[in-house]
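# Analysis of the macromolecular model
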Amino acid sequence: MDVITSNKNDRIRNVSALQKSKKSRTEQRAFVAEGIRLAEDVFRSGAGLIREVYASESFAQSGELKRLYDLAGGTAVTEPVLVKDSVFGAMSETVTPQGILCVVEQPQYGIDDMTGDKKVKLLILEDIQDPGNLGTMIRTAEAAGMNGVIMSRGTVDIFSPKVIRSTMGAVLRVPFTYADDLNPVLDGLRQKEIRSYAAYLRNGDNFKEVDYSDRAAIVIGNEGNGLSDGILEHCDRNVFIPMAGEVESLNAAVAAALLMYAL
């Protein structure tokens, strides 16, 4: 098998663009999953979405490639592209490259995909900015059995490398979508008898004392500003998390975790 030896190769340049540019990811509807752990998740949970597989020469010699392909369970996956170790280092976004990455088609979902069950649990996010927070929320949403995640356009790109790493593969298993305007989304959920519970600091009900609906959505706001007044007006109920000491607020991902598990 031929080995790519130049950083200027068009395929290498394209992977680098997908790593660095939201515009490239959006135009190609693809993202990069890098590292052995993420590769395992992709081969196991999203093998049908894999467009390309890149492996360094040293990784290819380790025998790990065959193990990864076996995880696909019979799903046809494109042949790996081998690259020189130094070239892989140049296309990598991690401090210590592990020698394996996949270019993956972005999964597409709609709100109807998340709301068809008799019992529904949703996470709605307004303008979350920190990639680690969003990734942690997606990962926790899977653990808490959420039906899906709906995000405002002002929320960080879920397909950025930092978010993808933080999700630990959950991005392949939790339905999600972006909305241009969350207000009509909340109104539409109400028509589907899905009640929305806004995380709010200043007033509302103690989240531990609320009798949540079987069809419910938790709404979390921006790390610095919380939820906007417009969003609050479209939510059904405000809830707060009691805090001792002089703490003014909780990390957004921590608050989201507590409320998701409360459902």
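Described in the following lines is the structure provided in the data block. Just so you know, these numbers come straight off a predicted model, no measurement behind them.

Here is the key point about a regular strand: its side chains alternate between the two faces of the sheet. Counting buried residues in strand 3 (residues 50-56) gives six out of seven residues, a clear majority hidden from the surface. Summarising the sheet, strand 3 and strand 5 (residues 100-105) pair through five bridges and their orientation is antiparallel. In the sheet register, V53 faces strand 5, and the bridge partner there is C102. Pairing geometry for strand 3 and strand 4 (residues 80-83), over four bridges, is parallel. From the neighbouring strand, V53 faces strand 4, where its bridge partner is P80.

A few words on the pairing of strand 9 (residues 195-199). In this structure, strand 9 lies alongside strand 11 (residues 215-220), joined through four bridges in parallel fashion. In the sheet register, Y197 faces strand 11, and the bridge partner there is I218. Relative to strand 12 (residues 237-240), strand 9 runs parallel, the two being bridged by three bridges. Residue pairing in the sheet places A199 in a bridge with V239 of strand 12.

This part covers the environment of Y197. Mapping Y197 onto the fold places it in strand 9. Judged by relative accessible area, which is 0%, Y197 ranks as buried. Distance in space between the C-alpha atoms of Y197 and S62 is 50 Å, their sequence separation being 135 residues. Apart from residues lying up to four places away in sequence, Y197 is in contact with V210, D211, Y212, S213, A216, A217, I218, V219, R237 and V239. One polar contact links the side chain of Y197 to the main-chain amide nitrogen of S213, over a distance of 3.0 Å.

Compared with an ideal rise of 1.5 Å per residue, which puts 13 residues at 18 Å, helix 7 (residues 131-143) spans 19 Å between its outermost C-alpha atoms and is within 8% of the ideal. Among the residues of helix 7, N133, L134, G135, M137, I138, T140 and A141 are the ones counted as buried. On the buried face of helix 7, the contacting elements are strand 6 (120-125), strand 7 (148-152), helix 8 (161-167), strand 8 (176-179), strand 11 and helix 11 (252-262). With a side-chain oxygen lying 2.9 Å from the backbone nitrogen of G132, the N-terminal cap of helix 7 falls on D130.

Negative phi is the rule for most residues except glycine; trans is the rule for most peptide bonds. With a phi angle near 55°, D127 is a residue other than glycine that sits in the positive phi range. Here D127 shows up in the loop between strand 6 and helix 7. You can call D127 partly exposed: its relative accessible area is 29%.

Right, let's get into the nonpolar core. Core analysis: the largest hydrophobic core is formed by 56 residues, its most contacted members being L123, L125, L134, M137, V149, I158 and I220. Broken down by element, the residue count for this core peaks at six residues, all from helix 11. If we ignore the near neighbours within four places in the chain, the residues touching L134 are L125, I128, M151, T155, V156, I158, V163 and Y178. Residues L189, A217, V219 and L227 belong to the second largest nonpolar core, which totals 19 residues.

Moving on, we come to the environment of G89. Residue position: G89 is located in helix 6 (residues 85-91). The spatial distance from the C-alpha of G89 to the C-alpha of M146 is 37 Å, given a sequence separation of 57 residues.

Tracing the backbone through its elements, the reader meets G230 in helix 10 (residues 229-233). Owing to a relative accessible area of 28%, G230 belongs among the partly exposed residues under this scheme. It is 9.4 Å that separates the C-alpha atoms of G230 and L182, two residues lying 48 residues apart in sequence.

Axes are the key here: two packed helices are described by the angle between their axes and the distance separating the axes. Close contact between helix 3 (residues 36-45) and helix 5 (residues 64-71) brings their axes to 7 Å; oriented N to C, the two are set at 35°. Where helix 3 approaches helix 5, its residues I36, A39, E40, F43 and R44 are matched on the opposing element by E64, R67, L68, Y69 and L71. Here the residues of the contact of helix 3 with helix 5 are counted per class, giving six nonpolar, no polar and four charged.

Here we take up the packing of aromatic side chains. Using the criterion set out here, one finds five aromatic pairs in the structure. Measuring from ring centre to ring centre gives 5.6 Å for F159 and F176, while their planes differ by 65°; the resulting arrangement is edge-to-face. On the criterion of sequence distance, the pair formed by F159 in the loop between strand 7 and helix 8 and F176 in strand 8 is long-range, its members being 17 residues apart. Neither residue differs from the other here; F159 and F176 are each classed as buried. For the pair Y197 and Y212, a centre-to-centre distance of 4.9 Å together with 65° between the ring planes defines the contact as edge-to-face. On the criterion of sequence distance, the pair formed by Y197 in strand 9 and Y212 in the loop between strand 10 (205-206) and strand 11 is long-range, its members being 15 residues apart. Members of the aromatic cluster, joined through ring pairs, are F31, Y109, F159 and F176.

Thresholds, definitions, all that
- Residues numbered from 1 in each chain as written.
- Predicted model: local features only at pLDDT ≥ 70, side-chain atom pairs only at ≥ 80, totals over all residues.
- Heavy atoms only, no water.
- Buried < 20%, exposed > 50% of the residue type's maximum accessible area, 1.4 Å probe, protein only.
- Helix = DSSP H or I, 4+ residues; strand = E, 2+ residues; numbered from the N terminus.
- Pairing = 2+ DSSP bridges.
- Contact = heavy atoms within 4.5 Å.
- Polar contact = N/O pair within 3.5 Å; in protein donor to acceptor, adjacent residues only side chain to side chain.
- Expected span 1.5 Å × (residues − 1).
- Core = buried A, V, L, I, M, F, W, Y, C linked by side-chain atoms within 4.5 Å.
- Axes fitted to C-alpha atoms, helices over the stretch in contact; angles between N-to-C directions.
- Nonpolar A, V, L, I, M, F, W, Y, C, P; charged D, E, K, R; others polar.
- Phe/Tyr/Trp six-rings, centres within 6.5 Å; stacked < 30°, edge-to-face > 60°.

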